[in-house]
Amino acid sequence: MMTAERNREAWVDWMRVIACLMVMVVHSTEPFYLGGDGAQVLTEGDAIWVALIDAAMRMCVPLFVLGSAYLQFPTRYSSGEFLKRRTLRIVVPFAVWSVFYALYWGEPVENFQSLMLNFNYSAGHLWFVYMLLGVYVLIPLLSPWAKTVKKRELQVYIGIWLLTTLLPLVRDWAMTDTGAMIYGPTGIPRQALYPLWGEASWNTYGTFYYMSGFVGFMLLGLYFRRFVPTMSARRSMLVGMPLWLVGFCITAGGVLRRIYQTSGGDFPALGTLDVAVWWETTLNYDTLGVALMTIGGMLMLRAMKQNGRMYRRIVLPLSKAGYGMYLSHMVVLSVVITCARDMWGLGADGAFGIFTTPVQIVVSATITFAVVGLCSVFLQRIPKIGKWIMG
């Protein structure tokens, strides 16, 4: 065990903990643009704060996938052993918390019926687990190739994937055409998706179907591990920060433009849920801005080598409990956000004027992070049952 601890890559633990906090900031931002009939931004100030804060945090989920791929891809285990190890650690806590949320929010009977086909939308953050399981299924399949792939070949595949991160923007531009069609199950209401390059109302399997989505972050994890040398903190910042800033401008600018387009310059900006989904176009994890922020963020976070007392006593335990923190944090966050709104009000009329919104977001996320972190570490250490609850 001591040898395993010494061989840990400290920056991965730092990245997991930072990504956990980012997730909680993202979810603390959602009440400021989701509401009413689905989409609701009360003030112009809220529109700006939502765009800036949410965009800055959106590399959180890709960082989780990238970090997992960095450590696990290619796998050194057989397919059966790898899937057994990963799915047991992921599926059992996921099942426990799925049952908990089904009882905790909404109508239990309806919730359990929906669990047969999907997660409950009242606990929407659990979508992440389904995606992660899909990535894990691919890792044994692609591992033989990953062990021998050359740098240039891998760059070509990553380049193709980066091209697919433009597709949501192309769809957005093309959707003004009256020929746009809805295809495939959407899960939640949204605007019609314009079919591109082989897609149609009866066929979702276009040219880039198999190379899009989170598979790209899996390839990036492999690329960083095999072909990107560890850089100094200064060089990591010089390379990573410009990439992050470009991605941030694309992401935040896209959100703000869409909110202003809906409002016409007059607030509140209101709409149905499909409008909120449209606002989130550049916030999606498979878009160019988020991909660039993730690459830049990875470069900068990789320079974090601190493994002293703070790392051993705080960061490492939180990193080990990170999955449980993700699963459980919405229980605490929903209470904290409600209390913050009751205490400080909303918008420019709130307790801190135009800064009321960012204060609520940051304080809600920080308190939730602290409470959930402590509880998750404690629960995970319960003998025999802790790992089945928190992972």
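Along each chain, the written sequence defines residue order, and numbers are assigned to residues from 1. Note on the predicted model: pLDDT of at least 70 is required for a residue's local features to be given, and 80 or more for side-chain atom pairs to be given and counted; whole-chain, interface and lining totals, by contrast, use all residues. Each side-chain value is worked out from all heavy atoms of the structure, with water and hydrogens disregarded.

Chemist: I'd like to hear about the nonpolar core, residue by residue, with values.
Modeler: Among the buried residues, those of types Ala, Val, Leu, Ile, Met, Phe, Trp, Tyr and Cys that are joined through side-chain atoms within 4.5 Å form a nonpolar core. Whether a residue is buried, partly exposed or exposed follows from its accessible area with a 1.4 Å probe, protein chains only, as a fraction of its type maximum: under 20%, in between, or over 50%, in that order. In terms of nonpolar packing, the biggest core is built from 107 residues, with Phe-73, Phe-128, Leu-154, Phe-214, Phe-224 and Trp-279 touching the most fellow members. Working definition: helices are DSSP H or I runs of at least four residues, strands are E runs of at least two. Numbering for both runs from the N terminus. It is helix H2 (residues 10-29) that contributes the most residues to this core, 13 residues altogether. Any pair of residues with heavy atoms lying within 4.5 Å of one another is described as a contacting pair. Other than its neighbours up to four places away in sequence, Phe-224 contacts Leu-66, Tyr-70, Ile-295, Met-298, Leu-299 and Arg-302.

Chemist: Give a description of the pattern of salt bridges that names residues and reports values.
Modeler: In the sections that follow, a salt bridge refers to a side-chain nitrogen of Lys or Arg positioned within 4 Å of a carboxyl oxygen of Asp or Glu. Within this structure, the stated rule accounts for 6 salt bridges. Its salt-bridge partner being Arg-225, residue Glu-9 comes within 3.5 Å of it at the nearest N-O pair. Of the two residues, Glu-9 sits in the loop between helix H1 (2-6) and H2 while Arg-225 sits in helix H10 (residues 215-227), which places them 216 residues apart along the sequence. Residue classification places Glu-9 among the partly exposed residues on the basis of a relative accessible area of 27%. On the accessibility criterion, Arg-225 (40% relative accessible area) is partly exposed. Note that Arg-257 is salt-bridged to Asp-172, the shortest N-O span being 3.3 Å. Pair noted here: Arg-257 is in helix H11 (residues 233-263) and Asp-172 is in helix H9 (residues 167-174), with a separation of 85 residues, a long-range link. Among the ionic contacts, a cluster of salt bridges with common partners joins Asp-172, Arg-257 and Arg-258.

Chemist: Please give an account of the side chain of Ser-263 that cites residues and values.
Modeler: On the secondary structure map, Ser-263 appears in helix H11. We define a polar contact as two N or O atoms separated by no more than 3.5 Å, with the added condition that, inside protein, one atom must be a possible hydrogen donor and the other a possible acceptor, whereas residues neighbouring each other in sequence contribute only through side-chain atom pairs. Among the polar contacts made by the side chain of Ser-263, one reaches the main-chain carbonyl oxygen of Tyr-260 at a distance of 3.3 Å. A polar contact of 3.1 Å, which involves the side chain of Ser-263, links it to the backbone nitrogen of Gly-265.

Chemist: Could you give an account of the side chain of Ser-328, with specific residues and numbers?
Modeler: Structurally, the position occupied by Ser-328 is in helix H15 (residues 322-344). A relative accessible area of 9% places Ser-328 in the buried class.

Chemist: Could you give an account of a nonpolar patch on the surface, naming the residues involved and the relevant values?
Modeler: Patches in this entry comprise residues that are over 30% relatively accessible and not in a salt bridge; like charges within 9 Å are linked, as are nonpolar side chains (Val, Leu, Ile, Met, Phe, Trp, Tyr) within 5 Å. Here, Shrake-Rupley sampling with a 1.4 Å probe gives the accessible areas, and only protein chains in the shown set may cover a residue. A cluster of nonpolar side chains, contributed by Val-99, Leu-103 and Phe-112, occupies part of the molecular surface with about 250 Å² of accessible area. Inspection of the secondary structure puts Phe-112 in helix H6 (residues 108-114). Note on Phe-112: relative accessible area 33%, which makes it partly exposed.

Chemist: Describe H2, and please don't skip the residues or the numbers.
Modeler: Residues separated by three or four positions in an α-helix point in the same direction, a consequence of the helix having 3.6 residues per turn. The end-to-end C-alpha separation of H2 is 29 Å, in line with the 28 Å expected for 20 residues at 1.5 Å each. Of all 20 residues making up H2, 17 are buried, and the element is well covered by its neighbours. By this rule the span expected of a helix is its residue count minus one, scaled by 1.5 Å.

Chemist: Can you break down the confidence of the model for the chain residue by residue, with the values?
Modeler: Each residue carries a pLDDT score, the predictor's confidence in it, ranging from 0 to 100. On average, residues of the chain score 90 in pLDDT, and 94% of them are at 70 or above. This stretch, residues 183-191, has a pLDDT under 50; its non-local contacts, to residues over four places away or in other chains, come to 21 contacts.

Chemist: Just give me the short version of the packing of aromatic side chains, but keep the residues and values in it.
Modeler: Between 30 and 60 degrees the pair is tilted, below 30 it is stacked and above 60 it is edge-to-face, where a pair is any two Phe, Tyr or Trp rings, Trp via its six-membered ring, whose centres lie within 6.5 Å. According to the stated counting rule, one finds 30 aromatic pairs in the structure shown. Each residue in the set Phe-64, Trp-127, Phe-128, Trp-161, Phe-214, Phe-217, Tyr-285 and Tyr-326 is aromatic and connected to the rest through ring pairs, giving one cluster. A ring has a charge above it when a Lys NZ or an Arg CZ is no more than 6 Å from the ring centre and no more than 35 degrees off the ring normal. Taking NZ or CZ as reference, Arg-225 lies 5.0 Å from the ring centre of Tyr-70, over its face.

Chemist: Hey, could you go over the packing of helix H3 (residues 44-57) against helix H16 (residues 356-380) for me, with residue numbers and the actual values?
Modeler: Here an axis means a line fitted to C-alpha atoms, over the contact stretch when the element is a helix, while the angle between two N-to-C directions is reported on a 0 to 180 degree scale. Packing of H3 against H16 leaves a shortest axis separation of 9 Å and a crossing angle of 35°. H16 is crossed by H3, and the crossing has right-handed handedness. Across the interface between the two elements, Asp-46, Trp-49 and Ile-53 from H3 touch Thr-357, Pro-358 and Ile-361 from H16. Classification used: nonpolar for Ala, Val, Leu, Ile, Met, Phe, Trp, Tyr, Cys and Pro, charged for Asp, Glu, Lys and Arg, polar for all others including Gly. Residues belonging to the contact of H3 with H16 are distributed by class as follows: 4 nonpolar, 1 polar and 1 charged. Crossing handedness is defined as follows: a turn of the near helix away from the far one that is anticlockwise and smaller than a right angle gives a left-handed crossing, while the clockwise case is right-handed.

Chemist: Describe H10, and please don't skip the residues or the numbers.
Modeler: With 13 residues, H10 should cover 18 Å at 1.5 Å per step; its first-to-last C-alpha distance of 18 Å lies within 8% of that length. Among the 13 residues of H10, 11 are classified as buried, and the element is accordingly described as predominantly covered. Where H10 is concerned, the buried positions are Val-215, Gly-216, Phe-217, Met-218, Leu-219, Leu-220, Gly-221, Leu-222, Tyr-223, Phe-224 and Phe-227. Where H10 is buried, its residues meet helix H4 (60-72), helix H7 (127-148), helix H8 (151-164) and helix H13 (288-301).

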